[in-house]
Amino acid sequence: MNGFEWLETLPMEQQDQLEALIAAVAEGDNERVDSMAPVLLREARDKDQPWVEILVRNFHLRSIVFNREDVREAVPQAVSLLERASRDDTRDCPQSTCVSHVLTAAYTLTDPEGFAEKREAVSRETLQGLDPERVCFLCISNEVATALIDQGRPEEALAFIEQQKEVRRSRGISFDPDDFARTESTALSAVGRHDDALKVVRAGLASGEVLRGESWMHSTRQVEAWILAESGSTEEALAQLPDLAQVFRDGGFEIHRRLVVRLVRSGQVGPAGGAVRLARLAREALQRGLADTGIQASLQSSRWFHEGGHPLLAEAVRERARPHLEALADPGRYLSELSALSELERVEPHESSIAALLAQPASPEQHVGLAERWSQMGFPDRADAALDEATRQFPDDIDLYEARCKTALGRRDAELLDRLVAAPPRHPEGEDNARFYEGLFAHETGDVARAIAAFEQVWSRRHDWIEVARRLGRLLLPSDPGRSMLVWLEAADAHQVPYFRWLGLVAATLAEDWPAQARLGAELELPELPDDRRPELDWGVLRIRIPDVARPLLARRTGPVTARILSLLGPGVTQHHGEVVVFDPQIANADEVAEDDEALRLHEAWARLEPATHDCVTLDGIWPGDEAVEALTEALDQAGVHYQFAAGDGYAITDPDGGEVHRGLFLFLAVDDASQGPLRALLEAHRPEHGPWVMHELLDRLGAADEAEEQRGLAEAWGMI
């Protein structure tokens with residue numbers, strides 16, 4: 001049992017979408033999760049599907065907590081979800097059990113030791129009555145063991161793990177080395193059995209290569225590094241760490257973060273790239289809500305700053321951590337250390353001034369570096385003061401000017417940016433830089449007209465700015481594709497960038513400039529294109545990603561950058577079937593295509609040339625036999641009606657009278673105003689002699705409300721999809 005069997009009761013399209021969400025979480029594709037979850041959640045609530053709501057919210061939270069390790073908002077969301085999962089209509093949903101796992105994991109990331117007792121209680125309560133065959137049994141059992149380890153009770157954790165293994169064995173369930181690899185190895189290491197710990201974790205890694213996803217393997221490798229450090233093999237442990245910049249930047253590295261901080265604070269390794277690097281780790285951890293890790297890193301980096309003679313930076317790092325004490329189970333745990341650091345070196349008021357700090361001669365790069373440090377530590381005013389002082393000393397330095405513009409952009413400071421644009425440095429590129437950053441700001445804040453005007457000023461003077469060409473052409477495309485084409489073609493000539501010529505082809509298509517399209521097609525060595533009409537050649541099948549659609553759609557290419565959508569999304573959903581879209585020629589899944597020659601290429605849709613005129617209706621009922629279905633599909637092909645089988649051989653419906661089970665037929669059909677009448681006649685002509693044949697969406701379109709309602713009752717009586 002895996003707790004997901006109930007998904008098979010949902011419509012096939014919804015099953016596919018939910019399975020895609022689960023796969024995206026397992027693969028760490030967080031952007032895809034963020035785009036899919038709101039759509040699926042809204043659909044579940046519209047259809048009054050509380051179990052689906054629990055599943056979607058649970059997996060979205062798993063992406064946030066486990067993949068990104070961002071618990072700032074995760075804890076209140078998990079508490080809210082736990083309350084929702086405890087209601088009568090969701091209590092029996094298998095994914096309700098997983099909710100407590102996400103909550104305890106969020107508490108672990110916030111304060112591993114402080115919340116350990118609370119995590120143990122929640123996890124043990126969840127385990128009561130949980131079927132040992134469920135995958136959740138393993139997850140929650142590991143949560144109990146982890147909580148015991150974090151309380152300093154590793155011997156109890158080992159005994160508990162052995163107890164849970166025996167429960168599974170008594171039910172005849174096979175044991176895989178990866179089931180308890182992380183918790184058992186950590187507990188063994190905690191009691192000093194380091195060699196045994198390494199054997200367990202490495203056996204788990206070997207097993208996990210077959211059974212587990214990359215995220216599990218990634219975190220388990222971190223456990224291996226932790227055990228190596230605990231056993232005294234510090235050099236080997238550090239060799240397993242990825243680039244520290246990645247540890248500081250990305251989610252999924254909390255064990256490594258804790259390991260770096262632990263080794264540093266214990267004196268086993270020196271400053272990991274210096275106090276600034278450790279302060280950056282602290283900032284990233286605190287921004288994610290990883291309070292314990294962030295506070296420890298802040299205190300150590302503050303100590304190093306004091307020792308290095310930088311009391312202002314020491315104060316800034318230390319005080320940034322202070323508000324996060326409230327997130328800990330015991331806020332007083334670090335107060336004495338904070339107080340001790342505060343007493344190390346008193347800072348006189350005059351020493352705190354930026355002017356005094358910058359009194360000695362410095363280069364623009366030093367000023368920019370200092371400003372970046374202030375900004376990273378959460379002191380934008382001090383960063384601005386540093387840049388202001390630098391600008392007075394070096395008024396014509398273009399790099400310094402760019403740093404100030406970037407600061408204004410990052411903070412959406414329109415007033416500061418306007419001042420910078422009004423007074424660019426006396427430098428050959430100064431005015432162009434000013435207009436470029438004005439265009440960036442206008443673009444990012446939605447002022448399209450101002451952005452176009454600013455970029456055009458730069459482009460009219462200089463044709464060597466690739467970024468200006470890229471942005472200006474994209475901005476012009478919706479309203480003036482002809483001008484957009486000229487910008488991109490000029491950029492292609494100036495830089496010899498083939499992609500810009502492809503973008504020119506996109507713009508020519510949207511402008512319906514077929515002679516230009518044919519000319520560009522010839523330059524790009526494409527098959528000969530007609531110069532007087534939109535091409536309708538068969539260029540093969542690909543996938544198109546359309547904004548606001550959860551999954552890519554199949555499409556048949558009608559030209560180098562155009563395609564007609566083939567996919568149907570099911571009734572009640574906006575259909576893109578039958579429309580022609582213009583897509584970006586750059587492949588969005590280049591890595592996938594390189595690995596698999598049979599993989600369909602994926603492209604981003606930019607605009608629609610022809611809007612869809614079709615809706616999706618369903619045909620549901622008894623399978624009339626293979627020959628009858630073949631005759632039906634042949635008739636649909638001859639009539640030009642697009643159809644898709646939406647349920648496979650396993651779809652069965654039961655006669656409510658005699659209980660006899662029949663194979664079912666379920667089709668999606670694309671229909672427009674012109675085809676709906678003939679389609680009804682065609683379907684009626686192929687109706688089986690016995691059993692239901694339900695097409696209520698089509699009858700609704702035809703205005704046959706009474707017949708449609710009668711067929712809905714028939715579908716309900718027969719338990720159809």
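For every chain, the first residue of the written sequence is number 1, and numbering continues from 1 onward in sequence order. Owing to the predicted nature of the model, reporting of local features is limited to residues with pLDDT of at least 70; listing and counting of side-chain atom pairs is limited to 80 or more, with chain, interface and lining totals taken over all residues. In computing side-chain properties, one takes all heavy atoms of the structure into account and sets aside hydrogens as well as water.

## So, the packing of helix α6 (residues 116–127) against helix α7 (residues 135–150)
At step 1: As a packed pair, α6 and α7 sit with axes 8 Å apart at the nearest point and diverge in direction by 155°. Taken as axis vectors, α6 and α7 run roughly antiparallel relative to one another. For the crossing formed where α6 meets α7, the hand is left-handed. Residues A116, R119, E120, S123, R124, T126 and L127 of α6 pack against F137, I140, S141, E143, V144, T146, A147, L148 and D150 of α7.
At step 2: Polarity classes work like this: nonpolar for Ala, Val, Leu, Ile, Met, Phe, Trp, Tyr, Cys and Pro, charged for Asp, Glu, Lys and Arg, and polar for all others, with Gly in that last group. Partitioning the contact of α6 with α7 into residue classes produces seven nonpolar, four polar and five charged. Geometry is summarised by axes, namely lines fitted to C-alpha atoms with helices restricted to the contacting stretch, and by angles between N-to-C directions that run from 0 to 180 degrees. Helical segments are the DSSP runs of H or I of at least four residues, strand segments are the runs of E of at least two, and each set is numbered from the N terminus. Orientation is classified from the angle alone, with under 35 degrees giving roughly parallel, over 145 giving roughly antiparallel, 65 to 115 giving roughly perpendicular, and any other angle giving oblique. Each helix crossing is assigned a hand: it is left-handed if the near helix lies turned anticlockwise from the far helix by less than a right angle, otherwise right-handed if that turn is clockwise. Contacts are residue-level and defined by heavy atoms, with any inter-residue pair within 4.5 Å sufficient.

## Overview of α7
Think of an α-helix as 3.6 residues a turn; residues three or four steps apart then line up on the same face.
At step 1: How far a helix is expected to stretch is found by multiplying one less than its residue total by 1.5 Å. The terminal C-alpha atoms of α7 lie 23 Å apart, and with 16 residues this matches the ideal 22 Å at 1.5 Å per residue to within 8%.
At step 2: Partly exposed describes any residue whose relative accessible area lies between the buried limit of under 20% and the exposed limit of over 50%, with all areas from a 1.4 Å probe on protein chains only and scaled to the type maximum. Along α7, 13 of the 16 residues are buried, which leaves the element largely enclosed by surrounding structure.

## Some points on the packing of helix α27 (residues 481–495) against helix α28 (residues 498–510)
At step 1: Where α27 contacts α28, the axes come no closer than 8 Å and their chain directions differ by 165°. By the angle between their axes, α27 is roughly antiparallel relative to α28. Like other packed secondary-structure pairs, α27 and α28 cross with a definite hand, here left-handed. Each of P481, S484, M485, W488, L489, A491, A492 and D493 in α27 lies in contact with α28, whose residues at this interface are F500, R501, L503, G504, A507, A508 and L510.
At step 2: Each residue belonging to the contact of α27 with α28 can be placed in one class, and the counts come to eleven nonpolar, two polar and two charged.

## Overview of the sheet that holds strand β5 (residues 602–610)
Backbone-to-backbone hydrogen bonds join strands into a sheet, with any given pair of strands oriented parallel or antiparallel.
At step 1: The pairing criterion for strands is at least two bridges between them, as found by DSSP. Strand order in this closed barrel of five strands is β1-β2-β3-β4-β5, and the pairing throughout is mixed. In this sheet, adjacent strand axes meet at a mean angle of 55° when their direction is disregarded.

## Remarks on the confidence of the model for the protein
At step 1: pLDDT gives the predictor's per-residue confidence on a scale running from 0 to 100. Looking at the protein, the pLDDT average stands at 82 and 91% of residues meet or exceed 70.
At step 2: Overall, residues 346–361 carries pLDDT values under 50, and its contacts beyond four positions in sequence, including any with other chains, amount to 20 contacts.

## Looking at unusual backbone geometry
At step 1: Although it is not a glycine, D48 sits at a positive phi angle of roughly 55°.
At step 2: Inspection of the secondary structure assignment puts D48 in the loop between α2 (30–46) and α3 (50–67).
At step 3: Note on D48: relative accessible area 63%, which makes it exposed.

## As for a negative patch on the surface
At step 1: A patch consists of residues exposed above 30% relative accessible area that lack any salt bridge, with like charges linked at up to 9 Å and nonpolar side chains (Val, Leu, Ile, Met, Phe, Trp, Tyr) linked at up to 5 Å. Note that accessible areas follow from Shrake-Rupley with a 1.4 Å probe, and for residues the cover is restricted to the protein chains shown. Between Lys or Arg on one side and Asp or Glu on the other, a salt bridge is scored when a side-chain nitrogen of the former is within 4 Å of a carboxyl oxygen of the latter. Positive charges are assigned to Lys and Arg, negative charges to Asp and Glu, while His and the chain termini are left out of the count. Note on charges: their place is set at NZ of Lys, CZ of Arg, CG of Asp or CD of Glu. A cluster of acidic side chains, namely D591, E595, D596, D597 and E598, defines a negative patch on the protein surface.
At step 2: Mapped onto the fold, E595 is located in helix α30 (residues 590–595).
At step 3: Residue E595 is classed as exposed on the basis of its relative accessible area of 71%.

## Structural notes on the pattern of salt bridges
At step 1: A complete count under the given rule lists 49 salt bridges for this structure.
At step 2: Among the ionic pairs, R202 bridges to E224, the shortest N-O distance being 2.7 Å. On the criterion of sequence distance, the pair formed by R202 in helix α10 (residues 194–211) and E224 in helix α11 (residues 214–230) is long-range, its members being 22 residues apart.
At step 3: Take R202: its relative accessible area is 35%, and that puts it in the partly exposed class.
At step 4: E224 sits in the buried class, given a relative accessible area of 9%.
At step 5: A salt bridge links R663 to D626, with the shortest nitrogen-to-oxygen separation between them at 3.9 Å. You can see R663 sitting in strand β9 (residues 661–671) and its partner D626 sitting in helix α31 (residues 626–639), a full 37 residues away along the chain.

## Comments concerning the pairing of strand β3 (residues 562–565)
At step 1: For strand β2 (residues 553–557) and β3, the ladder comprises three bridges, and the chain directions are antiparallel. Within β3, the residue paired with R556 across the bridge is R564.
At step 2: Where β2 hands over to β3, the hairpin turn is made up of four residues, counted between the paired strands.

## Some words on helix α16 (residues 291–307)
At step 1: Spanning 17 residues, α16 covers 24 Å between terminal C-alpha atoms, matching the ideal 24 Å at 1.5 Å per step.
At step 2: Along α16, 14 of the 17 residues are buried, which leaves the element largely enclosed by surrounding structure.
At step 3: Two residues or fewer past α16, G309 is found with a positive phi of approximately 80°.

## Side note on the packing of aromatic side chains
At step 1: Two rings belonging to Phe, Tyr or Trp (six-membered ring only in the last case) form a pair when the distance between their centres is within 6.5 Å. Interplanar angles under 30 degrees mark stacking, angles over 60 mark edge-to-face geometry, and anything in between is tilted. Applying the stated criterion to the full structure yields eight aromatic pairs.
At step 2: Arranged with centres 4.8 Å apart and planes meeting at 40°, the rings of Y107 and F115 form a pair that is tilted. The pair formed by Y107 and F115 is uniform in burial state, with each residue classed as buried.
At step 3: Taken together, a centroid distance of 5.8 Å and an interplanar angle of 70° make the contact between F666 and F668 edge-to-face.

## Quick notes on the side chain of H101
At step 1: The residue H101 is located in helix α5 (residues 95–110) in this model.
At step 2: Any pair of nitrogen or oxygen atoms within 3.5 Å is treated as a polar contact; in protein, a donor-acceptor pairing is required on top of that, and neighbouring residues in sequence qualify only through side-chain atoms on both sides. Within the local environment of H101, its side chain forms a polar contact with the side chain of E143, the two groups lying 3.5 Å apart.
At step 3: When neighbours within four sequence positions are excluded, H101 is seen to be in contact with R62, F66, C139, I140 and E143.

## Focus: a nonpolar patch on the surface
At step 1: Taken together, the side chains of V541, L554 and L600 present a nonpolar region at the surface, about 200 Å² in accessible area.
At step 2: The residue L554 is located in strand β2 in this model.

## Looking at the environment of E162
At step 1: On the secondary structure map, E162 appears in helix α8 (residues 154–170).
At step 2: Remark: the alpha-carbon pair of E162 and F180, spanning 18 residues in sequence, is separated by 9.6 Å.

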